[in-house]
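Residues per chain, in single letters:
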Amino acid sequence: MEIKSNRSRTWAVDEDGRKMGEIDHPILGDSSVTIHHTEVDPAYKGQGVAGAMMENYAEQLRKEGRRAIVTCSYAKDWFNKHPEYSDVLMK
């Protein structure tokens, strides 16, 4: 699995280049984004794709000094289970 990202989304592709899933995270301003949707292709569900994408994006947010407003239910649950990334959430 390879994880790629641009300014508004993060996605995972398999070894054949097929999209496995994606996170939509539009930029709200200079230092904030909203994570509003996470989706995984049914063929890849239960294989850790969404979690890998979330961890990758949380690391990216941290490196860029950005903070996230989370409206996606999966992302909210992921951040609750990974308090080590609470520094990237808007307070």
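S.K.: How would you summarise the overall build of the protein chain if you had to cite specific residues and measurements?
M.R.: Looking only at helices and strands, one finds two helices and six strands in the protein chain. Taken from the N to the C terminus, the helices and strands of the protein chain come in the order β-β-β-β-β-α-β-α. Against the 2.2 N^0.38 benchmark of 12 Å for 91 residues, the protein chain shows a C-alpha radius of gyration of 12 Å, consistent with a compact globule. Looking at the protein chain residue by residue over its 91 residues, the buried ones come to 40%. For the protein chain, the proportion of contacts with a sequence separation of at least 24, taken over those separated by at least 6, is 41%. A total accessible area of about 5,300 Å² is found for the protein chain, and carbon and sulfur atoms account for 47% of it. When the 13 positive and 15 negative side-chain charges of the protein chain are each reduced to one mean point, those points stand 5 Å apart.

S.K.: Can you break down the sheet that holds strand β3 (residues 19–24) residue by residue, with the values?
M.R.: Taken in spatial order, the four strands of this open sheet run β1-β2-β3-β5, and their pairing is antiparallel. Either end of the sheet is taken by a strand with one partner, and the two such strands are β1 (2–5) and β5 (37–40). Each neighbouring strand pair of the sheet contributes to a mean axis angle of 15°, computed without reference to strand direction. Sheet analysis places β1 next to strand β2 (residues 9–13), joined by four bridges and oriented antiparallel.

About the thresholds
Residues numbered from 1 in each chain as written. Predicted model: local features only at pLDDT ≥ 70, side-chain atom pairs only at ≥ 80, totals over all residues. Heavy atoms only, no water. Helix = DSSP H or I, 4+ residues; strand = E, 2+ residues; numbered from the N terminus. Rg over C-alpha atoms; globule rule 2.2 N^0.38 Å. Buried < 20%, exposed > 50% of the residue type's maximum accessible area, 1.4 Å probe, protein only. Contact = heavy atoms within 4.5 Å. Areas by Shrake-Rupley, 256 points an atom, 1.4 Å probe, with all protein chains shown as cover. Lys, Arg positive; Asp, Glu negative; His and termini not counted. Charge placed at Lys NZ, Arg CZ, Asp CG, Glu CD. Pairing = 2+ DSSP bridges. Axes fitted to C-alpha atoms, helices over the stretch in contact; angles between N-to-C directions.

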